[in-house]
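The chain contents come next:
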Amino acid sequence: DVLFLCLPGTEEVRSTLLGEGGLAERLRPGQTVVDLSTIGYGATVEIGRALEAKGVAVVPGSAFGEPRAVRISYTCPTPQLAPGLQRIQEFFAELN
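Thresholds applied
- Note that residues are indexed from 1 along each chain, following the sequence as it is written.
- Local features in this predicted model are restricted to residues of pLDDT 70 or higher, and side-chain atom pairs are both shown and tallied only at a pLDDT of 80 or more, whereas totals for entire chains, interfaces and linings draw on every residue.
- In computing side-chain properties, one takes all heavy atoms of the structure into account and sets aside hydrogens as well as water.
- Numbered from the N terminus, helices here are DSSP runs of H or I no shorter than four residues, and strands are runs of E no shorter than two.
- For each residue, the accessible area found with a 1.4 Å probe, counting protein chains only, is set against the maximum for its type, and the residue is called buried under 20%, exposed over 50%, and partly exposed in between.
- Contact between two residues is taken to exist if any of their heavy atoms lie within 4.5 Å; hydrogens are not considered.
- The set of buried Ala, Val, Leu, Ile, Met, Phe, Trp, Tyr and Cys residues whose side-chain atoms join them within 4.5 Å is what this entry labels a nonpolar core.
- Salt-bridge detection follows one rule: a side-chain nitrogen of Lys or Arg within 4 Å of a carboxyl oxygen of Asp or Glu.
- Axes here refer to lines fitted to C-alpha atoms; in helices the fit is confined to the stretch in contact. Angles between the N-to-C directions go from 0 to 180 degrees.
- To sort the angles, those under 35 degrees are grouped as roughly parallel, those over 145 as roughly antiparallel, those from 65 to 115 as roughly perpendicular, and the leftovers as oblique.
- Each residue is assigned to one of three groups, with Ala, Val, Leu, Ile, Met, Phe, Trp, Tyr, Cys and Pro labelled nonpolar, Asp, Glu, Lys and Arg labelled charged, and all others, Gly among them, labelled polar.
- In a helix, the anticipated span is given by 1.5 Å times the number of residues less one.

K.L.:
So what's going on with the overall build of the protein chain? Which residues, and what values?
P.N.:
Counting its regular elements, the protein chain contains three helices and four strands. Mapped in sequence order, the helices and strands of the protein chain form the string β-α-β-α-β-β-α. Scored against the burial criterion, the 96 residues of the protein chain give a buried share of 26%. Pairs at least 24 residues apart make up 60% of the contacts formed inside the protein chain by residues separated by at least 6 positions.

So this is what it looks like as C-alpha cells:
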C-alpha cells in the first residue's frame, strides 16, 4: 500500500492529507506515503507529525543536508522488501 503525491503546493498537500475527509483519516500503520510535492519546511514538519501519528515515518531532508526535501527509507528484510518494490514497479508500468 503505497500512496504517491505530486501536488502543486503546500495548501494542496495539507488539504489532501489533513483536511476534512483527507487521506490521513484512512491511512493505516505500515502504509507508505511518498510526497513528491514542492512544499515548505514548516509544512513538511506539520504534515510529518500528523502522518507519524498514523504510523507513517517521515524524516525531513534537513537531517541529510537538504532542507527542501523529505527522505524516505525502506528498512526491512529483503523477503519483505521485494514484494513492495514489485508493487511500485507495477504502479509505474501502468503509467505508460
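K.L.:
Any details on the nonpolar core? Residues and values, ideally.
P.N.:
Counting ten residues, the largest nonpolar core consists of Leu5, Val13, Leu17, Leu27, Val33, Ile39, Ala43, Ile47, Leu51 and Val56. Put simply, the parts of the chain that give this core at least two residues each are helix H1 (10–18) and helix H2 (41–52). Considering every element that reaches this core, the biggest residue donor is H2, with three residues. For Val56, the contacting residues outside a window of four places in its chain are Gln31, Val33 and Leu51.

K.L.:
Residues and numbers for the pattern of salt bridges, please.
P.N.:
If you walk through the whole model with that rule in mind, you get two salt bridges. Glu11 is the salt-bridge partner of Arg14, the closest N and O atoms lying 2.5 Å from each other. Placement of both Arg14 and Glu11 in helix H1 is noted, with a separation of three residues, approximately one turn of the helix. By relative accessible area, which is 51% here, Glu11 ends up exposed. A salt bridge links Arg14 to Glu46; the nearest nitrogen and oxygen atoms lie 2.9 Å apart. Here Arg14 is found in helix H1, whereas its partner Glu46 is found in helix H2, with 32 residues between them in sequence.

K.L.:
If you had to explain the packing of H1 against H2 to someone new, which residues and values would you point to?
P.N.:
Between H1 and H2, the shortest axis-to-axis distance is 11 Å and the interhelical angle comes to 10°. If you check the angle between H1 and H2, you find them roughly parallel. From H1, Thr10, Val13, Arg14, Leu17 and Leu18 reach across to H2, where they touch Ala43, Glu46, Ile47, Ala50 and Leu51. Class assignment for the residues of the contact of H1 with H2 results in seven nonpolar, one polar and two charged.

K.L.:
Talk me through H2; I want residue IDs and the actual numbers.
P.N.:
The end-to-end C-alpha distance of H2 is 16 Å, a good match for the 16 Å that twelve residues give at a rise of 1.5 Å each. Residues of H2 that are buried: Ala43, Thr44, Val45, Ile47, Gly48 and Leu51.

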